[in-house]
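# Chain and residue survey
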Amino acid sequence: MKVLKFGGSSVTNADNISKVINILKESAQKEKLVVVVSALGGSTDTLLEAGDLAQNGNSAFANNFKSIEKRHIEAVRALIPIEKQSGVLGGLKKILNELESILEGISLLREFSEKTHDKIVSFGERLSSYIVVNTLKIQIENVSLKDSRELIITNDDFTQTIVDIETTNNNIVSFFKNNNSQIIVIPGFVASNKSGETTTLGRGGSDYTAAILASALNASILEIWTDVSGMFTANPKIVKGAFPIENISYQEAMELSHFGAKVLYPPTVQPVLKKEIPIVIKNTFDANALGTYISKNNNICKTLIKGISHISEVSLITLEGNGMIGIPGFSKRLFETLSHEKINVTLITQASSEHSICIGINDTDAKKSKLVIDEAFAYEIALGKVEPLRVESGLAIIALVGDNMKNHQGISGRMFSTLGKNNVNIRAIAQGASEKNISTVIASKNIKKALNSLHNEFFENQIKNLNLFVVGVGNVGGKLIEQIAAQEKYLLKNLQLKVNVIALSNSRKMLFNQEGIDLSDWRNNLLENGEALDLDQFYTNVVDFNLANSIFVDNTANYDIAQLYAGYLKKSIAVVTCNKIAASSDYEIYAQLKSLSQEYNAPYLFETNVGAGLPIINTLNNLVLSGDRIQKIQAVASGSLNFIFNSFVGDGDFAKIVDEAGALGFTEPDPRIDLSGVDVARKILILARESGTKMNLEDIVNISFLPKSSLEAESIEDFKKTLITEKVHFEGIKEKAAANNTELKYVAEFANGKANVSLQEVDSKHPFSNLQGSDNIVLFFTDRYPKYPLIVKGAGAGADVTASGIFADIIRIGRG
């Protein structure tokens, strides 16, 4: 014999009940069944509301009754053939009439006592079990209904009853000894006292009914059918990668259930635990799924961690004071006070100094706890021996659960390290001596981030999700999205990295999707579904999403966006950017961003600020970190200027070449930034700072090759006109280099704490000679490379290579 319990979601409507019937028909072919059913999903709340309305004299209780009546009659008409409906509807109407009479009585007396409360809510299970058994009788012979009030006997504490186990077991054994039905349907949750008055079994009452029956009958197994395929490694609504646990021990299941896994309510399944009867959690809507098998011994799977669970809406209350040290009795008084007020404790931790006791409770009990504990310790508070109770609300408990955690070093270290890397602050820690769970208290706002990062650490083969918030999807940004889409499978397979683009924005619109934007049609999606760009709202969304491994990606040259970096870093959100404005602004700002990056464990990477995709900054960082000292840096660090001057030979026209460079995406939208030398000055400034020198942009000597009219041009259009009107000036520069048999290169130099940028002529023996197209080159002269420099050379401009450099920084964060 086995016992099957079907929850409210399994019998919500006729379609779901049909699925239950199919499950029972198949199971009944193998063995005798005891079937416990809950009320139709949501009907208990409707019944309670009807009672409250009736008590207040509100005639709307009749509407609730009509809703209950309609719902159950519709289920009968959908499940029972029309020729047999009359008799079934008659029996149903009899139960409904009894309910209606009680509600009318409540309305007349204006009284909704706990005794009447139990009687009202019992109708949910009585009605559902009546429908299920009559539907079964049409398809299966030898089916009967037994009123659980005749079997399960409780005390008189209505709504909070205690079962008389001895009497109940005798009733169950006696009844089943003389019952030969293949399927016996029993309403869950409902019981009676010794006077025959209706009582209920409280939260998880239908599970308790099933467990009591399974224990009394020594059932082979207890199956609990619900709307999920077992107990999951984490809440699947929060953690997308969560999956069902196939095998788990009783203790592991109890720990997970205590910490929020709502498939089981721990107190209700104690009867089967004592008899060591296995429990299986099954899915009514996917009957072939394995579900979760819960038993005494869990030797099948040696996984260290079985699941990660959480309790939200937690408050920490802390009693502390020097007067507590070495004085016995404080803990006893504290817990007695909470117990007297029926305040449940979910977590306890105490420092070995005995200076404080910290307790986790439900948020709803926080105010009451403050009042009663301050009153209980009023004398000690008045003497200054104890501080008034401190209450912190808006918290949550996260728990790692697993029998095999004991005797394995490093589990807690991995847990705390993972949370720390994701800027999840831990407010309290608790671990029992049994080492079956490690619990931490965190801010409720961090639940999703904490669960996902921990699940990734312990269950997902170290697959790391990177969540990108991308600003700027023009030339560079567009190429970056293409590269991410093209490398998606490779990164997942080879680096265990999953890159999710959560947000995109151009200069007009922004688009968000917490599940990740489909990159196959992102342009149209942004155009059609994007909302108006608001940088403050963009920032707010990123922070509110609170996703693990969040990265803000700036593909613009926008000043306002650069000012937002500090805010992102303070929220432990990494910043990757090709925008040079922040790293080349006032030194104090640069230093602050670097400091914030370290303080909040949020990478701030700007490799593409110098040399696009070339590993220039990374190479410099490695030299400095390894103890080398920079003596001198020489660089052709502008791909746009190198392209321009490589092209400015023979019959080349300077103005036309500048236009061509802009069309190819080599120059900034405002070519004055490139041709004035400001862009190169910013690059050498960044390199100087990364080598350890405190320097500002105004400290760099900029020897311009532009004529005065070009320097004084007030607009881009006026500037481009001067390139035409000053043709003689530019031709003179070209002719002089040709006469000297040299090449023109715009060179940046840093040495002895000083830097300059200028247009120079280099001969054929110089490393800068024969630098093609938009290539960059940087020479690092160091203590280790004093005569022959370390050289980094390659393409230094263009959307593709710049995007690849940004992508490399993103991957670097993922591998960090």
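Residues numbered from 1 in each chain as written. Predicted model: local features only at pLDDT ≥ 70, side-chain atom pairs only at ≥ 80, totals over all residues. Heavy atoms only, no water.

## Regarding the overall build of the protein
Within the protein, the secondary structure is distributed over 29 helices and 30 strands. Taking 2.2 N^0.38 as the reference for a compact globule, 816 residues should give roughly 28 Å; the C-alpha atoms of the protein span a radius of gyration of 36 Å, well beyond that estimate. Dimensions of the protein, computed from the C-alpha atoms along their principal axes, are close to 115 × 75 × 55 Å. By the burial criterion, 54% of the 816 residues in the protein qualify as buried. Taking the contacts inside the protein whose residues are at least 6 apart along the sequence as the reference set, 72% of them involve residues at least 24 apart. For the protein, the exposed surface amounts to about 36,200 Å²; the carbon and sulfur share of it is 48%. Taking the average location of the 82 positive side-chain charges in the protein and that of its 91 negative ones, the two points are 5 Å from each other. (Helix = DSSP H or I, 4+ residues; strand = E, 2+ residues; numbered from the N terminus. Rg over C-alpha atoms; globule rule 2.2 N^0.38 Å. Buried < 20%, exposed > 50% of the residue type's maximum accessible area, 1.4 Å probe, protein only. Contact = heavy atoms within 4.5 Å. Areas by Shrake-Rupley, 256 points an atom, 1.4 Å probe, with all protein chains shown as cover. Lys, Arg positive; Asp, Glu negative; His and termini not counted. Charge placed at Lys NZ, Arg CZ, Asp CG, Glu CD.)

## Some remarks on a negative patch on the surface
Together, D586, E588, E698 and D699 make up a region of like negative charge exposed at the surface. Topologically, E698 is positioned in the loop between helix 25 (678-690) and strand 26 (701-703). (Patch = residues over 30% accessible without salt bridge, like charges linked within 9 Å, V, L, I, M, F, W, Y side chains within 5 Å. Salt bridge = Lys/Arg side-chain N within 4 Å of Asp/Glu carboxyl O.)

## Some remarks on unusual backbone geometry
The residue N218 is not glycine, and still its phi comes out positive at about 50°. When you line up the elements, N218 lands in the loop between helix 7 (205-216) and strand 8 (221-226). The residue N546 is not glycine, and still its phi comes out positive at about 55°. Summarising the element assignment, N546 is placed in the loop between helix 17 (535-545) and strand 22 (550-554).

## Brief notes about the nonpolar core
Residues F538, F654, L675 and F705 are the most contacted members of the largest nonpolar core, which totals 81 residues. With seven residues, the top contributor of residues to this core is helix 25. What F538 contacts, discounting residues up to four positions off in sequence, is F469, V470, V471, A503, S505, M510, F512, F552 and Y568. (Core = buried A, V, L, I, M, F, W, Y, C linked by side-chain atoms within 4.5 Å.)

## Considering the pairing of strand 18 (residues 464-471)
Among the eight residues of strand 18, seven are classified as buried, and the element is accordingly described as predominantly covered. Judged from the eight bridges that link them, strand 18 and strand 19 (residues 497-505) form a sheet pairing that is parallel. From the neighbouring strand, N467 faces strand 19, where its bridge partner is N500. In this view, the connection linking strand 18 to its parallel neighbour strand 19 by way of helix 15 (residues 475-495) has right-handed handedness. Examined bridge by bridge, strand 18 and strand 22 share five bridges and lie parallel to one another. By the bridge assignment for strand 22, F469 is matched with F552. (Pairing = 2+ DSSP bridges. Right-handed = clockwise from strand over helix to strand, strands pointing away.)

## A closer look at the environment of V76
Within the element layout of this structure, V76 appears in helix 3 (residues 61-79). Accessibility expressed as a relative area gives 1% for V76, which makes it buried. Once the C-alpha coordinates of V76 and K5 are considered, the two residues, 71 residues apart in sequence, prove to be 21 Å apart. Those residues within four positions of V76 in sequence are excluded, and the remaining contacts are Q85, V88, L89, L92 and I131.

## Concerning helix 13 (residues 411-421)
The complete set of buried residues in helix 13 reads I411, M415, T418 and L419. The buried residues of helix 13 occupy one face: seen down the axis, they fall within an arc of 95°. Close packing links the buried residues of helix 13 with strand 15 (390-401), strand 17 (437-443) and helix 14 (447-459). One or two steps after helix 13, the chain reaches N423, where phi turns positive at roughly 60°. (Arc of directions from axis to C-beta.)

## A look at the packing of aromatic side chains
Overall, the coordinates contain 21 aromatic pairs when judged by the stated rule. Where F645 meets F654, the ring centres are 6.0 Å apart and the plane angle is 45°; that geometry is what we call tilted. Of the two residues, F645 and F654, neither departs from the other in class, the shared state being buried. Between the aromatic rings of F645 and F705, the centroid separation amounts to 5.3 Å while the plane-to-plane angle is 75°, which identifies the pairing as edge-to-face. (Phe/Tyr/Trp six-rings, centres within 6.5 Å; stacked < 30°, edge-to-face > 60°.)

## Describing helix 1 (residues 14-28)
The end-to-end C-alpha separation of helix 1 is 21 Å, in line with the 21 Å expected for 15 residues at 1.5 Å each. Looking at the buried positions of helix 1, the neighbouring elements they touch are strand 1 (2-6), strand 2 (33-37), helix 3, helix 5 (114-139), strand 5 (183-187) and strand 8. For helix 1, the capping residue at the N-terminal end is N13, with a side-chain oxygen 3.3 Å from the backbone nitrogen of D15. (Expected span 1.5 Å × (residues − 1). Polar contact = N/O pair within 3.5 Å; in protein donor to acceptor, adjacent residues only side chain to side chain.)

## A look at the sheet that holds strand 29 (residues 775-782)
With mixed pairing, six strands are arranged side by side in an open sheet as 26-28-27-25-29-30. One side of each edge strand has no neighbouring strand; the edge strands of this open sheet are strand 26 and strand 30 (790-795). Averaged over all pairs of adjacent strands, the angle between strand axes in this sheet comes to 20°, irrespective of strand direction. Judged from the six bridges that link them, strand 29 and strand 30 form a sheet pairing that is antiparallel. (Axes fitted to C-alpha atoms, helices over the stretch in contact; angles between N-to-C directions.)

## Some points on the environment of K448
Within the fold, K448 resides in helix 14. Expressed as a C-alpha distance, the spacing of K448 and F545, which sit 97 residues apart in the sequence, is 8.9 Å. When sequence neighbours within four positions are dropped, the list of residues in contact with K448 reads I238, Q514 and L547.

## Considerations on the sheet that holds strand 16 (residues 428-431)
Across the sheet, six strands lie side by side as 13-14-12-15-17-16; this open sheet has antiparallel pairing. The open sheet terminates on both sides in strands that have one partner only, identified here as strand 13 (347-350) and strand 16. For this sheet, the mean angle separating the axes of adjacent strands, direction not counted, is 30°. Both strand 12 (residues 307-320) and strand 14 (residues 356-362) contribute to a ladder of seven bridges, which runs antiparallel. Residue pairing across strands places S315 opposite I361, the latter belonging to strand 14. Lying on the sheet, helix 11 (residues 366-376) is in contact with strand 12, strand 14 and strand 15; it crosses strand 12 at an angle near 30°. On top of the sheet, helix 13 reaches strand 15, strand 16 and strand 17; it is set at about 15° to strand 17, its chief contact.

Interpretation note: all reported values are geometric properties and have no functional meaning in isolation.
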